[in-house]
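Residues per chain, in single letters:
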Amino acid sequence: MAGTLPGAAAPRPVQTSRAASEAPWVKWLLIAGAGLVLLWLIVLPLAVVLTQALKKGWDVYLSALSDPDALSALKLTLLVALITVPLNTIFGVAAAWAITKFKFKGKGILITLIDLPFAVSPVIGGLIFVLVFGANGWFGPWLADHDIKIIYAVPGIVLATLFVTFPFVARELIPLMEDQGQQEEEAAITLGAKGWVVFTKVTLPNIRWGLIYGIILCNARAMGEFGAVSVVSGHIRGETNTLPLHVEILYNEYQFSASFAVASLLLLLALATLLIKSFYARKNAH
């Protein structure tokens, strides 16, 4: 072959990916199918929520959002997220650091425990805390003797939300830190850097986008959690109702406009979370 040095292997022909060689109609068929599924399962339900929320006008909508029980549910939802997200962030970073940077017995068990809330129903998670801290639970009599209330109170809601949301940060960081390896940390230690300096100056800048992404997902789940919180909350108006529970109560009482109004507030919080996630994803891509 002309242009080939003696003894050199002939260049291999460039292989075209199968996806690029498919007929154009296949691509458009897949896109149209995915679009129809998203339209039917996501876009239309969200549009119905917003339409029903404003069906009786802005006065009814604003009245539902300014109701004392709705404001109390909003405050509790934000409070629970404010407590659980930082705690899960600390746990997630520590767990990811331990799993990816050290070799120890029981690593597989730790990973399994981190994934457990993904496999267990949130309702089961709530029942676990009732069995442990409820009036007839393991620590129930001791808690009653010391006038400590966990179930049907804010601490129980925080614990249930922690259980449901704690895998999100860790599960975002573990694959990322495994891919990055330990070379940069080892180089920093060789140059005399200590543990905290290595983490803040080397590890943290490398994982910051994954960490932010995990925090956003954790926050979204914390604000929208229903199953586990429903079991431990007691549905006490103005005290232990989060926004999802308040929506359920209003709907069961046939206050449809008010329930959809509060649901739209949750929807707006979710959309804000998604916008923040998309912003950081685009920034990370660049």
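All figures in this text were calculated on a predicted structure; none of them were measured in a lab.

Asks: Just checking my understanding: could you explain a nonpolar patch on the surface for this structure?
Replies: Together, Leu 36, Val 37, Leu 38, Leu 39, Trp 40, Leu 41, Ile 42, Val 43, Leu 44 and Leu 46 make up an exposed nonpolar region whose accessible area comes to about 960 Å². Take Trp 40: it is sitting in helix H2 (residues 24–53).

Asks: I keep staring at the pattern of salt bridges and nothing clicks. Help me out?
Replies: Where charged atoms from two side chains of opposite charge come close, those side chains can pair. According to the stated counting rule, one finds four salt bridges in the structure shown. Linking Asp 115 and Arg 171 is a salt bridge whose minimum nitrogen-to-oxygen distance equals 2.8 Å. Here Arg 171 lies in helix H9 (residues 167–180) and Asp 115 lies in helix H5 (residues 107–119), a separation of 56 residues in the sequence. Overall, Asp 115 belongs to the partly exposed group, its relative accessible area being 25%. The closest approach of N and O atoms between Arg 221 and Glu 225, which form a salt bridge, is 2.9 Å. Judged by its relative accessible area of 3%, Glu 225 falls in the buried class.

Asks: Looking at this structure, I do not really get the side chain of Ser 257. What am I missing?
Replies: Relative to the helices and strands, Ser 257 resides in helix H14 (residues 256–285). Sequence-distant contacts of Ser 257, that is, excluding residues within four places in its chain, are made with Gln 52, Ala 53, Lys 56 and Val 60.

Asks: What exactly am I supposed to notice about the UniProt feature "transmembrane region" (unreviewed entry) in the protein chain here?
Replies: The UniProt record annotates "transmembrane region" (unreviewed entry) at residues 28–54, 74–97, 109–138, 150–170, 211–236 and 256–276. Segment residues 74–97 splits into 100% helix and 0% strand. End C-alpha atoms: 34 Å apart.

Asks: Whenever I open this one, the domain arrangement of the protein chain confuses me. Can you help?
Replies: Often, the extent of an interface is quoted as the loss of accessible area on bringing the components together. Domains assigned within the protein chain are domain 1 (24–54) and domain 2 (57–285). Taking only C-alpha atoms, the centre of domain 1 and the centre of domain 2 are 28 Å apart. Between domain 1 and domain 2, the residue contacts involve six residues of the former and nine residues of the latter. Taken together, both faces of the contact between domain 1 and domain 2 bury some 720 Å²; the carbon and sulfur share is 81%. Of all residues in domain 1, Val 49, Ala 53 and Leu 54 bury the most surface against domain 2, accounting for 63% of the area lost on that side. Counting the contacts that link domain 1 with domain 2 gives zero salt bridges. The residue makeup of the side of domain 1 that touches domain 2, split by class, is five nonpolar, one polar and no charged.

Asks: Just to check I follow, could you spell out the environment of Glu 185 for this structure?
Replies: Structurally, Glu 185 is set in helix H10 (residues 183–190). Placed 17 residues apart in sequence, Glu 185 and Val 202 show a C-alpha to C-alpha distance of 6.5 Å. With residues near it in sequence (within four places) discarded, Glu 185 still touches Lys 101, Val 198, Val 202 and Thr 203.

Cut-offs applied
Residues take numbers from 1 onward in each chain, read along the sequence in its written order. Owing to the predicted nature of the model, reporting of local features is limited to residues with pLDDT of at least 70; listing and counting of side-chain atom pairs is limited to 80 or more, with chain, interface and lining totals taken over all residues. Hydrogens are left out, water is left out, and the side-chain values use all remaining heavy atoms of the structure. In this scheme, patches are assembled from residues that exceed 30% relative accessible area and form no salt bridge. Like charges are connected within 9 Å, while nonpolar side chains (Val, Leu, Ile, Met, Phe, Trp, Tyr) are connected within 5 Å. Only the protein chains shown count as cover for residues, and all accessible areas are computed by the Shrake-Rupley method using a 1.4 Å probe. By definition here, a salt bridge exists when the distance from a side-chain nitrogen of Lys or Arg to a carboxyl oxygen of Asp or Glu is within 4 Å. We count a stretch as a helix when DSSP gives it H or I for four or more residues in a row; a strand needs E for two or more, and each element gets its number in order from the N terminus. Throughout, exposure labels follow a simple rule: accessible area from a 1.4 Å probe, protein chains only, divided by the maximum for the residue type, with under 20% read as buried, over 50% as exposed, and the rest as partly exposed. Residue contacts are defined here by distance: any two heavy atoms, one from each residue, within 4.5 Å place the two residues in contact. UniProt positions are given in the numbering used here, feature names are shortened, and annotations may be inferred rather than shown by experiment. An automatic or database domain assignment supplies the residue ranges for each domain. When two parts are brought into contact, each loses some accessible area as probed by a 1.4 Å sphere; the total of that loss over both is the buried area. Gly is placed with the polar residues, together with every amino acid not listed as nonpolar (Ala, Val, Leu, Ile, Met, Phe, Trp, Tyr, Cys and Pro) or charged (Asp, Glu, Lys and Arg).

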